[in-house]
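Architecture and fold: a report
As a plain string of letters, each chain reads:
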Amino acid sequence: MSGNRENHGMTQTESDIALLLADAADGVEIGIAPVQAVMRGGRRRRSRRWAVTAATAVVVLGGSAGATLAFAGLPGEHHRTQVAAHPASPEARHVYEPQRTELARGTYQGKEWSVSVQVWGAPRNESEAARQFDRMAELGLKPADARKPADLIGKISFFATRGWGEEHVQQVMFNTVRTLESYAGTDLESIATRFSSDPASSGRLVIGMVAKTAQEVTCDWKDGRTSVARPAVGVSAHDDGNAIRAVGGFPTANWFVCVAPQGTAYQSAEVTK
Amino acid sequence: MGEREDARNEEFQSFMIGRWPRLMRTAFLLTGEQHAAEDLVQSTLEQVFVAWRRVGSADEPEAYVRRVMINAHARRHRRKLKEFLAPKDDSGLVREVPDTGDRIAQADDRSALLKALAQLPPRQREAVVLRYWEDLTETQAAEAMGCSVGTVKSNAAKGIAKLRAIPGLAEMVTQGGRG
């Protein structure tokens, strides 16, 4: 459409930008439409809508049977956890040194790769924010939407980073927020990336967040193979890089990593248990 | 019911195959990244498939698809999960090894424009892409974005002004892009 465009009342700049957009859009690899995957995904969405409805029905039922609901006591527990988690000193709140959790590690082309998450506590004032801002800069981290230290006040920052071989770690998924978003059920947020920005690294990773209750994340690759990440604690020689882990300082979701077998690329990821 | 459903599935398949290239291009401009674009189109079409019974018989299924895609894009930004929009890393631009000076320049231009687009706030980016790549009228763009025509106008104007102001892009604009 844009290629056939004529100047329908556009200014010169607008039509120049239209041409540039058309050119840039040509840079995408179109590939084959994954019809079957989309239809499978659509069917899962349909059944998920039912699952949500069913869960809602349970809550309503519990609400009408007040004694049963009170017995569970979960809302109170959640509240206590939040109240307890506010130590006073900035050091104890991880304002200047984040809590770091390694999600996965492995070897690719003879060099070690790793993926970690670091969570920085919220600075409470300008001086805490300034020190945190400087410390992040020292580590080569750029917080989201924070151009000046004051933008960090009252906000938690988190960064998923990747590293391969000798190069500096790079942030690949990050945010700076007042409250961490809660994940529930089959919620999943992920990115597909490589081990490194070095074009020599074609190895693919999927990094993301799921609900604390998720027991299995299945990543589908374009060649039909799959990788499965399951909850893991600690590191073991048998680790294959696929794992779901709790992250220090991140109480509202777990994180996962899937590693693609060589020679293929990301297609989809979802919570399967 | 089985036969009717099969027919609907076939209809959806041919709709999807026909629209896939264009949706991928639009998503690429919105996200600036190959895999994010695939993700966006795939999740858009999953939602379209769920509603296909209704959408397929509508006069203009494209309008629905656009609306779903823009909503999904806006939602991802509302969740404010950031990722690097790094064409040099993951978009595939680097994998296309240019063999002539012109192709190198073209890849640079694309990369510069994608970076410039990525720097626009999401609503401005959406307005620019819908108006100047999708070639929609202001009314159609407003429907897709779920806002007023005035909002589309101001977002598109601000977006264009910012794109013009980006060093390097201004030069490309004055050259009228590369053939």
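Each chain carries its own residue numbering, running from 1 in the written order of its sequence. Throughout, the order in which chains and ligands are written sets their labels, letters from A for the former and numbers from 1 for the latter. pLDDT decides what is reported in this predicted model: residues at 70 or higher carry local features, side-chain atom pairs at 80 or more are listed and counted, and totals for whole chains, interfaces and linings draw on all residues regardless.

Focus: the overall build of chain A
- Per the secondary structure count, chain A includes 5 helices and 11 strands.
- For the exposure call, what matters is how many other C-beta atoms sit within 10 Å of a residue's own: 20 or more marks it buried, 12 or fewer exposed, and in between partly exposed, using C-beta atoms placed from the backbone. Looking at chain A as a whole, 35% of its 273 residues are labelled buried.
- Sequence-distant contacts, at least 24 apart, represent 58% of the contacts inside chain A between residues at least 6 apart. Numbering of helices and strands starts at the N terminus; helices are DSSP runs of H or I of at least 4 residues and strands are runs of E of at least 2. Whether two residues are in contact depends on their C-beta atoms, placed from the backbone: they are in contact if these lie within 7 Å.

Here we look at helix 9 (residues 149–165) of chain B
Residues and elements named next belong to chain B.
- For helix 9, built from 17 residues, the straight-helix expectation of 24 Å at 1.5 Å per residue is met to within 8% by its first-to-last C-alpha distance of 24 Å.
- Along helix 9, the positions that sit buried rather than exposed are Val152, Asn155, Ala156, Gly159, Ile160 and Leu163. In an axial view of helix 9, the angular spread of the buried residues amounts to 130 degrees, which keeps them on one side of the axis. In helix 9, the exposed residues that point more than 90 degrees away from the buried face are Gly150, Ala161 and Ala165. In a helix, the anticipated span is given by 1.5 Å times the number of residues less one. Arc, as used here, means the arc of the directions from the helix axis to the C-beta atoms.

Thoughts on the packing of helix 1 (residues 12–25) of chain A against helix 9 of chain B
- Following both chains from N to C, one finds helix 1 of chain A and helix 9 of chain B inclined at 75 degrees, their axes separated by 11 Å at the closest point. The orientation of helix 1 of chain A relative to helix 9 of chain B falls into the category roughly perpendicular. In this structure, helix 1 of chain A contributes A:Thr13, A:Glu14 and A:Ile17 to the contact, and helix 9 of chain B contributes B:Ile160, B:Leu163 and B:Arg164.
- A per-class count over the contact of helix 1 of chain A with helix 9 of chain B returns 3 nonpolar, 1 polar and 2 charged. For helices, the fitted axis covers only the stretch in contact; all axes are lines through C-alpha atoms, and the angles between them, taken along N-to-C directions, range from 0 to 180 degrees. Any angle between 65 and 115 degrees counts as roughly perpendicular, while under 35 counts as roughly parallel, over 145 as roughly antiparallel, and the rest as oblique. Residues are grouped as follows: nonpolar covers Ala, Val, Leu, Ile, Met, Phe, Trp, Tyr, Cys and Pro; charged covers Asp, Glu, Lys and Arg; every other residue, Gly included, is treated as polar.

Focus: helix 7 (residues 122–133) of chain B
Residue and element names in this part refer to chain B.
- A rise of 1.5 Å per residue sets the reference length of helix 7, with its 12 residues, at 16 Å; its end C-alpha atoms lie 15 Å apart and thus fit the reference within 8%.
- The set of residues buried in helix 7 consists of Arg123, Gln124, Arg125, Glu126, Ala127, Val128, Val129, Leu130, Arg131, Tyr132 and Trp133.
- Aspartate 135 lies just past helix 7 and shows a positive phi near 65 degrees.

Notes on the nonpolar core
- We call a set of buried Ala, Val, Leu, Ile, Met, Phe, Trp, Tyr and Cys residues a nonpolar core when their C-beta atoms link them within 7 Å. In this structure, A:Leu21, A:Ala25, B:Met24, B:Ala27, B:Leu29, B:Ala37 and B:Trp133 are the most contacted members of the largest nonpolar core, which totals 53 residues.
- Considering each element in turn, this core owes the most residues, 10 residues, to helix 1 (residues 2–31) of chain B.
- When near neighbours in sequence (up to four residues on either side) are disregarded, B:Ala27 contacts B:Ala37, B:Leu40, B:Val41 and B:Met69.
- Of all hydrophobic cores here, the second largest spans 44 residues; its members include A:Phe174, A:Ala192, A:Ile207 and A:Met209.

Points about the sheet that holds strand 8 (residues 226–229) of chain A
All names here are of chain A.
- A strand pair is defined by DSSP finding two or more bridges across the two strands. Taken in spatial order, the 3 strands of this open sheet run 8-7-11, and their pairing is antiparallel. In the strand order of this sheet, the two ends are held by strand 8 and strand 11 (266–271), each with one partner. Across the sheet, the mean angle from the axis of one strand to that of its neighbour is 15 degrees, orientation sign disregarded.

Describing the packing of helix 8 (residues 138–145) of chain B against helix 9 of chain B
All names here are of chain B.
- Where helix 8 meets helix 9, the axes come as close as 8 Å, and the angle between the chain directions of the two elements is 100 degrees. The angle between helix 8 and helix 9 falls in the class roughly perpendicular. Between helix 8 and helix 9, the residues in contact are Glu138, Thr139, Ala141, Ala142 and Met145 and Val149, Val152 and Lys153, respectively.
- The residue inventory of the contact of helix 8 with helix 9, partitioned by class, reads 5 nonpolar, 1 polar and 2 charged.

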